[in-house]
Amino acid sequence: MANDNKSIRVRFAPSPTGQFHIGSARAALFNFLYAKKFAGTFILRIEDTDRQRSEDQFVKDILDCLLWLGIGWDEGPQVGGPAAPYFQSERLAMYQKCVDQLLAEKKAYKCFCSPEELTKEKEAQQKKGAAPKYTGTCRDLKPEAIAKLEAAKKPFSIRFKVDGRKVKFDDMIHGPMEFDANLFGDFVITRTDGSPLFLLTNTVDDNAMQVTHVLRGDDHLSNTAKQILLAEGLNFLSPQFGHLPLIMNPDRSKLSKRKNPVSVSADYRQSGYLPEAIVNYLALLGWNPGTDREIFTLHELIEEFSIERVNNSNAIFDHDKLLWMNGHYIRHMAVGDLAARASEFLTQAAIKKASRERPEFFLQAVSLVQDRIKLLSEVEEHIAFCFVTPEYDAKLLIAKKSDEARTKTALTAATEALTKISAYTLDELEVALRATARHHGLTDGEMLWTVRAALTGLPASPGVFEVLEVLGRDESLKRIASASKKLT
Ligand code: GLU
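Since we're looking at a predicted model, the values are computed, not measured.

All residues adjacent to the ligand are Arg-11, Ala-13, Ser-15, Glu-47, Phe-198, Asn-202, Arg-216 and His-220. One of the side-chain nitrogen or oxygen atoms of Arg-11 is found 2.7 Å away from an oxygen atom of the ligand. Surface burial for the ligand is 77%, taken as the share of its 300 Å² of free accessible area covered by protein chains.

This next bit is on the pairing of strand S5 (residues 166-171). Every second residue of S5 is oriented toward a common face, the buried set being Val-167, Phe-169 and Asp-171 and the non-buried set Lys-166, Lys-168 and Asp-170. Bridge analysis of S5 against strand S6 (residues 175-180) gives 6 bridges, and the strand direction is antiparallel. Note on S6: the bridge partner recorded for Lys-166 is Asp-180. Hairpin connection between S5 and S6: a loop of 3 residues separates the two successive antiparallel strands.

Residues Phe-317 and Met-447 are the most contacted members of the largest nonpolar core, which totals 112 residues. Broken down by element, the residue count for this core peaks at 10 residues, all from helix H1 (residues 22-37). When sequence neighbours within four positions are dropped, the list of residues in contact with Phe-317 reads Ile-22, Ile-247, Met-248, Pro-250, Leu-255, Asn-260, Tyr-268, Tyr-281, Leu-282, Leu-285 and Leu-322. With 34 residues, the next largest nonpolar core counts Leu-102, Val-204, Leu-230 and Ala-231 among its residues.

Turning next to the pattern of salt bridges. Scanning the entire structure with this criterion turns up 26 salt bridges. Here Lys-107 and Glu-105 are joined by a salt bridge, their closest N and O atoms 2.8 Å apart. Within the structure, one salt-bridge network assembled from shared partners comprises Arg-11, Arg-45, Glu-47, Arg-91, Asp-205 and Asp-206.

Rules of the game
Residues numbered from 1 in each chain as written. Predicted model: local features only at pLDDT ≥ 70, side-chain atom pairs only at ≥ 80, totals over all residues. Heavy atoms only, no water. Near = heavy atom within 4 Å. Polar contact = N/O pair within 3.5 Å; in protein donor to acceptor, adjacent residues only side chain to side chain. Areas by Shrake-Rupley, 256 points an atom, 1.4 Å probe, with all protein chains shown as cover. Buried < 20%, exposed > 50% of the residue type's maximum accessible area, 1.4 Å probe, protein only. Helix = DSSP H or I, 4+ residues; strand = E, 2+ residues; numbered from the N terminus. Pairing = 2+ DSSP bridges. Core = buried A, V, L, I, M, F, W, Y, C linked by side-chain atoms within 4.5 Å. Contact = heavy atoms within 4.5 Å. Salt bridge = Lys/Arg side-chain N within 4 Å of Asp/Glu carboxyl O.

Written out as C-alpha cells, the structure is:
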C-alpha cells in the first residue's frame, strides 16, 4: 500500500438520507485535517445507493455545509477527479462486476431464503440465547437446485462466504484489533432487488479510488472486519482504518436529535453559529492538542493535527462549551465582518433598512454589543434599541434606592449637561454627567442608571457613555425628554 505521505488519499462518504449531521461534520473534518496535514487528497463520495431514502436536498445540504465549514474537497461532486463519478448511484456497473467475479469464483452465492425463513431462523437462535447469524442454508445448493429456484423466479440476495477465522487489523486509533469472523455468518452484499449493500460499495470504491486511510466512527468497527474479508475476496489491498470515538450526549447516550441539536444547517448555521467556532469545537471532540490551548483556526488545526492524539474513548458534546467558543470568536472578529454576517440574521424591517441605508451607524451599533453576544442571531435584539424608539415602563427609570423626584432631577440635569458640552465625545460625556450628578446631590449610580434606561428602555445594555455616543446628541436628548414626560 502506498504509504509515503504525499500519496495519502482519504475520503468522506456521507449518505444523503437526512440533514447533514454534526457528527458527520466531525468525521469530515478529521479526514480533511489528516489529508491536508500531509498534502494528501480529500475525496468526497456520496453514498446514495439507498435510492428510497436518498434525496437531492440532502446532497445539497452536505455540499453547502462542508463549504460553509471550509472543508473543501479535492475530488468529488462538482469538481470531478480521476475516479469519477463520485455518486455511488452512478457506479452500479462496477459493483455488479465485482459481484459477478465473486460468484464466478464461488466466494459468494445466491441465497433464496425468504425474509420469513430468515426471521424464524433468527428467533430460534435468540431463544437458545445464541447470537443471530445466517446458518448457511443456501451456501452449498446444488446447481440443479439453483436452476430450479431461478426458473421459479424465487427472489435471491447474494451472500459473501465467510470462513471462520480471525480478522486482524491495526487500527490507527485503537491499535491491534481482532474479530472472530465465525460470529458474522455469510453476509448479504446485494439485496433481492439487486441493489448493492454499503459493505460492498464502500469496499469497491475505496479500492477504485485508491483510498489509503479510512477514518470513520467507532460504530463501523465490525463493518471494517467484514470489509477486510470482502477486500481479500476481491484481491484488493485494504486501506488502513482508524475509528473515531463516538460523540455522546452529556448523559452518555449516543448523540441524538432528541437530546441535542444535530443538523449543521438548521440547528447551527441558522442559529447564528460561526463556521470557525464549529470547526474548532469539533476538532476538540476526540482530538486533544496535548496542551491547554483551545482556540485554533482551521489552518492551525491542519498544522497541529495528529492522529496519535485522537482519543479512543467517547467524546461528550458539551453545548455550553460550543456556545462559549462561538462567543469567543464573535468577540475577536473584526466588527465589519461581524456586522456583515449579523446582517443576514436581521428580521425587523426597520433595522434591515437602516443596515443598508446607514451602514456606519449599523456598524457602530454592532460594535456596541460585540462583547455581549454569543450568536449572530442575538445581534438584532441587542441593537434594536438603537433603531427603534424604546418602549418601557416609567418605573425602569428609577434607580435602586432612588425615587421619582430624584429621577426627574437626573433627567433635567442630564439634558442641560448634554446640551452644553462642546465636544460630544466619550470622555467629555463621562466628565459632564458625573459632574452634574455631584452638583445636584445625586449619586453617579442614580444618574447613570436613569440616563441609560431612558436611552435604551432596557434593564441591561451596553454602558451609558457608549450608548450616548452612538445615538448622538439629538437622539439622546429626544429620548431623555420623552423619559421626563413619562414621569409627570
Ligand atoms: N455512508 C457511510 C456512513 O455515512 C460511510 C461510512 C464510511 O465512512 O465508510 O456512515
